[in-house]
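Residue strings, one per chain:
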Amino acid sequence: MIKLLRLALVLIFALFFSRAFFVTGLQHSYYLAQAGENRVKTEAVAAPRGVIVDRGGRLVATNILVDGKAVRHYPGGEVVAAVVGYLSEGKGVAGLEKQYQIDLAGVAGERVVSETAGGREVEDVSLREPEPGKKLLLNLDLGLQTVAYQALKNKLAAVGQGGSVIVSAVDGEVLALVSLPSFDPNLFIQDGRRGSEGGNYTDVVGVVSDEIQKPLFNRAIGGAFPPGSVFKLVPALAGLSAGVIDETDLIEDSGEIVIGPYRFGNWYFDKYGKTEGRINVQKALARSNDIFFYRLGERLGVDRLTAFAKKVGLGEKTGIDLPGEAAGLLPTPLWMEKEKGERWFLGNTYHLAIGQGDLLVTALQVNRMAAAVVSGKTCPPRLVGKSECSDLGLPEKAIETVKEGMKMTCQEGGTGFVFFDLKGAVMCKTGTAQHGGEEAKPHAWMVVVIPRGDTPGWVVVTVMLTDAGEGSEQAGPVARQIVDYVLKN
């Protein structure tokens, strides 16, 4: 009996062993192929990127089909580059595309599918639909953006190395933002299609490698330059608000001030050999009289002057919803001693009072500064959504006096001659900022405020041209084209 049991066990083990050998050895290839026929794979399903539209619903950035594949497209090309930025490998690396990357990207879906060993799909096992990116509604007006771009481009073809335009409402809504030289963001899109304004560059290498034109540099928010006489709005309002002067106080235009070996002249005296007699702050703004502002800066003192400049947003980032913003530089006696190892003298106050010396600002800061001067409020600029404004608590009389001086600037006798025919319909301030020695052409500035409707809706136009010449002569015509468009629309 025991022998029979042993024999049975031997036969059973032999049977199992032979079967295992048959399956794993002789039949291995057959069963591997069978298993392969039931393989599954998981793949991501890309989410459609959110579109970007202007305040009227016009497309600023969208997606188009190219050879059956969805690709990003910017219809305006160069016109919108300073605003939208560009993508790299499907991710925003500049402009709104970077600022709102999470919102625009959406959430990828997931598809699980069974397939054969040869890769042939058999059937869907499961599918999780992607969540499309959010639509981004801008404060930008695409018509105004295009006009500003074309006006600046035409001017730079004749004069200047580069420039920028900012147009905003007093309440902080950015209506247009242009920086030139620029590029077509469609160049960064694989299989992309060129925009209506393709620009001079034909490939990404040309854009990235151009260290002279620097098309990727956003001059509107990242370029810091001396402001020249557009800054005079600051000491004017500071002096009136502090009671250092009032609208009736007169200061003698002596043509020049000489302190030891140093001379501080007025442009009118240096150019024509003439002085303007005793003038008040309104005429000083209208005529951009340096002597008046040297004396006003001396009365205010550097501490009150810099404190007020900071109050209206200079020396710090504005907080715009775009990456790459510069803070500029608001020099103080402490800064000068720490960074330059020098003492602050009266001459430094003179230079600061007319927007020269070490003072550096962005076009965006000047735009917000002008808005603060005419409204008494400071509002962070916004391309998307509303801004929360802060009341500066300034005397209404001081604001009205500065506004009167700005209105006179754009009328007969002022420096803003390109606006004389509008007969007081706008307010403005010109600026010609010296830099880089006697050989370099000055930067040209123009700020225009268009008072239409309630104050929060007033429009502020800021034009800045690098190495271009006098502000009224060079930046003025660019601003005029923009102002005409705003007044008509």
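As a reminder, the structure under discussion sits directly above these lines.
Reading guide: rules and limits
- Residues numbered from 1 in each chain as written.
- Predicted model: local features only at pLDDT ≥ 70, side-chain atom pairs only at ≥ 80, totals over all residues.
- Heavy atoms only, no water.
- Buried < 20%, exposed > 50% of the residue type's maximum accessible area, 1.4 Å probe, protein only.
- Helix = DSSP H or I, 4+ residues; strand = E, 2+ residues; numbered from the N terminus.
- Pairing = 2+ DSSP bridges.
- 1 Å grid on protein atoms, 1.4 Å probe; cavity = no way out; pocket = protein on both sides within 12 Å on 5 of 7 lines; lining within 4 Å.
- Points joined across faces, edges and corners; volume = space filled by probe spheres on them.
- Nonpolar A, V, L, I, M, F, W, Y, C, P; charged D, E, K, R; others polar.
- Salt bridge = Lys/Arg side-chain N within 4 Å of Asp/Glu carboxyl O.
- Disulfide = S-S within 2.5 Å.

S.K.: Tell me what's going on with the pairing of strand E18 (residues 427-433), and back it up with residues and numbers.
M.R.: Across the seven residues of E18, six count as buried, placing the element largely inside the fold. Two strands pair when backbone bridges link them, and E18 and strand E19 (residues 443-450) are joined in this way by seven bridges, in the antiparallel orientation. Pairing of Lys429 across the sheet is with Val447, part of E19.

S.K.: Could you give me a rundown of unusual backbone geometry, with the residues and numbers involved?
M.R.: Of note, the amide linkage connecting Leu180 to Pro181 takes the cis form, showing an omega dihedral of 0°. Tracing the backbone shows Pro181 in the loop between strand E11 (174-180) and helix H7 (204-209). One non-glycine residue, Asp67, lies in positive phi territory at about 55°. Mapped onto the elements of the fold, Asp67 is located in the loop between strand E3 (59-66) and strand E4 (69-73). Judged by its relative accessible area of 76%, Asp67 falls in the exposed class. At Lys214, a position not held by glycine, the phi torsion is positive, near 50°. Examined against the element boundaries, Lys214 turns out to sit in the loop between H7 and helix H8 (219-222). For Lys214, a relative accessible area of 35% puts it in the partly exposed group.

S.K.: Tell me about helix H9 (residues 233-242), residues and numbers included.
M.R.: Burial analysis of H9 places eight of its 10 residues in the buried class, the great majority of the element. Those residues of H9 not exposed but buried are Leu233, Val234, Pro235, Ala236, Leu237, Ala238, Gly239 and Leu240. The first or second residue beyond H9 is Gly243, which carries a positive phi of 80°.

S.K.: Tell me about the sheet that holds strand E2 (residues 52-53), residues and numbers included.
M.R.: Read from one edge to the other, the open sheet built from four strands follows the order E4-E3-E2-E9, with strand pairing classed as mixed. Edge positions in the open sheet fall to E4 and strand E9 (136-137), since each of these has one partner strand only. Pairing between E2 and E9: two bridges, direction parallel. If you follow Ile52 over to E9, its bridge partner there is Leu136.

S.K.: Tell me about empty space enclosed by the protein, and name the residues and values.
M.R.: Here the structure, examined in full by the defined rule, presents one cavity of 30 Å³ or more. Considered as a void within the structure, the largest cavity measures approximately 70 Å³ in volume. Listing elements by their share of the lining of the largest cavity, those giving two or more residues are strand E10 (162-169) and helix H16 (363-375). Looking at the lining of the largest cavity, the element that brings in the most residues is H16, giving four residues. The residue inventory of the lining of the largest cavity, partitioned by class, reads eight nonpolar, three polar and one charged.

S.K.: Give a detailed account of the pattern of salt bridges, specifying residues and quantitative values.
M.R.: Taken as a whole and assessed by the stated rule, the structure comprises 24 salt bridges. Notably, a salt bridge pairs Glu110 with Arg128, separated by 4.0 Å at the nearest N-O pair. Here Arg128 lies in strand E8 (residues 121-128) and Glu110 lies in strand E7 (residues 109-115), a separation of 18 residues in the sequence. Here Lys153 and Glu197 are joined by a salt bridge, their closest N and O atoms 3.5 Å apart. With Lys153 in helix H6 (residues 142-158) and Glu197 in the loop between E11 and H7, this pair connects stretches of sequence that are 44 residues apart. Residue class for Lys153 comes out partly exposed when judged on its relative accessible area of 32%.

S.K.: Which residues make up the state of the cysteines, and what values do they have?
M.R.: Summed over all chains, the structure comprises two disulfides. Each disulfide pairs two cysteine sulfurs, and for Cys379 the partner residue is Cys389, the sulfurs being separated by 2.1 Å. Handedness here is read from the sign of the S-S torsion; for Cys379 and Cys389, about 115°, the answer is right-handed. Linking Cys379 in the loop between strand E16 (377-378) and strand E17 (390-391) with Cys389 in the loop between E16 and E17, this pair joins segments that are 10 residues apart in sequence. A relative accessible area of 36% means that Cys389 is categorised as partly exposed.

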